[in-house]
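Close look at the chain arrangement
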Amino acid sequence: MEPILVNPSEERRILDLRPLGFRDVAVLGRYSYATAHDVLQDHSHGDMLEICFLESGEQTYVVADRSFHLSGGDLFITFPGEHHGTGHAPEEKGKLYWLLLFVPRTAQRFLSLTPAETGQLMKQLLQLPRQFRAIPDVKRTLQRIFEIFDSDDGPLRIAGLRNLLLRFLLDVLQSADRREPVVSPEMLAVQQYITDHLEQPLSVRDLARYACLSQSRLKARFKAEVGVPPADFVLRQRIARAKTLLAESDATVADIAMTLGFSTSQYFATVFRRYTGQAPSRFRETAGNQP
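Parameters and conventions
- Residues numbered from 1 in each chain as written.
- Predicted model: local features only at pLDDT ≥ 70, side-chain atom pairs only at ≥ 80, totals over all residues.
- Heavy atoms only, no water.
- Helix = DSSP H or I, 4+ residues; strand = E, 2+ residues; numbered from the N terminus.
- Rg over C-alpha atoms; globule rule 2.2 N^0.38 Å.
- Buried < 20%, exposed > 50% of the residue type's maximum accessible area, 1.4 Å probe, protein only.
- Salt bridge = Lys/Arg side-chain N within 4 Å of Asp/Glu carboxyl O.
- Expected span 1.5 Å × (residues − 1).
- Contact = heavy atoms within 4.5 Å.
- Phe/Tyr/Trp six-rings, centres within 6.5 Å; stacked < 30°, edge-to-face > 60°.
- pLDDT = per-residue confidence, 0-100.
- Core = buried A, V, L, I, M, F, W, Y, C linked by side-chain atoms within 4.5 Å.
- Pairing = 2+ DSSP bridges.
- Polar contact = N/O pair within 3.5 Å; in protein donor to acceptor, adjacent residues only side chain to side chain.

For the protein chain, the count of helices and strands is ten helices and eight strands. Against the globule reference of 19 Å for 291 residues, the protein chain gives a C-alpha radius of gyration of 21 Å, in line with a compact fold. When its C-alpha atoms are laid out on the principal axes, the protein chain stretches across 65 × 45 × 35 Å. A total of 291 residues make up the protein chain; the buried ones form 46% of that total.

The next point concerns the pattern of salt bridges. Taken as a whole and assessed by the stated rule, the structure comprises 15 salt bridges. The partner of Glu186 in a salt bridge is Arg221, and the shortest N-O contact between them spans 3.6 Å. Of this pair, Glu186 sits in helix H4 (residues 185–196) while Arg221 sits in helix H6 (residues 215–226), and the two are 35 residues apart along the sequence. Residue Glu186 is classed as partly exposed on the basis of its relative accessible area, which comes to 44%.

A few words now on helix H7 (residues 230–248). Between the first and last C-alpha of H7 there are 27 Å, a value that for 19 residues agrees with the 27 Å anticipated at 1.5 Å per step. Listed in full, the buried residues belonging to H7 are Pro230, Asp232, Phe233, Val234, Leu235, Arg236, Arg238, Ile239, Ala242 and Leu246.

A few words on the environment of Leu54. You can see Leu54 is positioned in strand E3 (residues 48–63). Along the backbone, Leu54 and Tyr97 are 43 residues apart, and their C-alpha atoms lie at a distance of 6.4 Å. Residues in contact with Leu54, not counting those within four places in the same chain, are Gln59, Leu70, Ser71, Gly72, Gly73, Asp74, Lys95 and Leu96.

Right, let's talk about the packing of aromatic side chains for a bit. Here the structure, examined in full by the defined rule, presents twelve aromatic pairs. For the pair Tyr31 and Trp98, a centre-to-centre distance of 6.1 Å together with 45 degrees between the ring planes defines the contact as tilted. Placement of the pair is Tyr31 in strand E2 (residues 25–33) and Trp98 in strand E7 (residues 94–102), with a sequence separation of 67 residues. By the burial criterion, Tyr31 is buried, and Trp98 matches it. Each ring, one from Phe222 and one from Phe233, has its centre 5.4 Å from the other, and the planes form 70 degrees; the classification is edge-to-face. Here Phe222 is found in helix H6, whereas its partner Phe233 is found in helix H7, with eleven residues between them in sequence. For Phe222, a relative accessible area of 0% puts it in the buried group.

Across the protein chain, pLDDT averages 90, with 94% of residues at or above 70. Put simply, helix H10 (residues 280–287) is where the protein chain has its lowest mean pLDDT, 89, and strand E5 (residues 74–78) is where it has its highest, 96.

With 40 residues, the main nonpolar core has Ile51, Leu101, Leu121 and Leu169 as its most contacted residues. Listed by contribution, the elements that provide at least two residues to this core are E2, E3, E5, E7, helix H1 (115–125), helix H2 (136–149) and helix H3 (157–177). Looking at which element gives the most residues to this core, the answer is H3, with nine residues. Apart from residues no more than four positions distant in its own chain, Leu169 is found in contact with Ile51, Leu99, Leu101, Phe110, Leu111, Leu121 and Leu125. In this structure, Val204, Ala208, Ile256 and Ala287 belong to the second largest nonpolar core, which totals 30 residues.

In this section: the pairing of E3. When you tally the buried positions in E3, you get 16 out of 16 residues, the bulk of the element. Pairing of E3 with E7, which is carried by nine bridges, proceeds in the antiparallel orientation. Considered in E7, the bridge of Glu50 is made with Leu100. Sheet topology places E3 next to E5; five bridges connect them, and they run antiparallel. Bridge assignment links Cys52 to a residue of E5, and that residue is Phe76. As defined by bridge partners, E3 adjoins strand E4 (residues 66–71) across six bridges and the pair is classed as antiparallel. Counted as the bridge partner of Val62 is Ser67 from E4. Hairpin remark: E3 followed by E4, antiparallel, with two residues in the connecting loop; positive phi at Ala64, about 50 degrees. Pairing of E3 with strand E6 (residues 84–85) involves two bridges; the strand directions are antiparallel. Among the inter-strand pairings, Val62 is bridged to a residue of E6, identified as Gly85.

For the rest of this paragraph, the subject is the side chain of Gln59. Structurally, the position occupied by Gln59 is in strand E3. A relative accessible area of 0% means that Gln59 is categorised as buried. A polar contact of 2.7 Å, which involves the side chain of Gln59, links it to the backbone nitrogen of Glu92. Here Gln59 is in contact with Tyr31, Leu54, Phe68, His69, Leu70, Thr86, Pro90, Glu91 and Glu92, once residues within four sequence places are set aside.

And the structure:
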């Protein structure tokens, strides 16, 4: 078996499929982080293809010195041999799945497909765009794989996993073929309103009134289209603004907290650490050292 790091924790669950007899799909992982973690160091998976699905939150990845920003609902592809990591960004607060699969070097069966079907599947997977939005079935299929993996070891468990893994890959290809807009003009307007009014109170009620929607409808549409709930988006935008102010101004941490609507500097520091993994003062010290 290929040496693949399998390091689960309370926040990380990794399904090693190889002991079950899978030689084409190696591992499926999932993390759910309530706070930011250390940066993901630059690494490569050799001849494996990696498919990541960010269910919620935001994340930055760097591939060949190019940065990509993901929002909840995005799929992200790293191809065989590519080095990637998160650069200077932490692994952010959110939930993310990743699948590692071997790319056959010669015509052979993959998840019980015929060699001809395997060739077509691999051709399309290796031509995927780097980043695109997922259809809703992607999340449901991934959740179902974990459920089947944890089920009793019945006679059809392996067949069920094989079917769902293939279903996931087909869902990914279908996602890449979609052409409809990712975020509607209505939700873009809400995002812009938030960005323009970060110094003011921004409750979900206020945002729903601005969008002429009920609160429940706004929350559902915003999460589906933007990838995070509206209240989380507000906090992320305030932290992004705070990072700019910390790096480019002499304003005190307390003044920045008050400017951006945080009730106390202590609460601001707690939220800042949750999203960045650093205290505001530490971020200010290191901001000038980053390229």
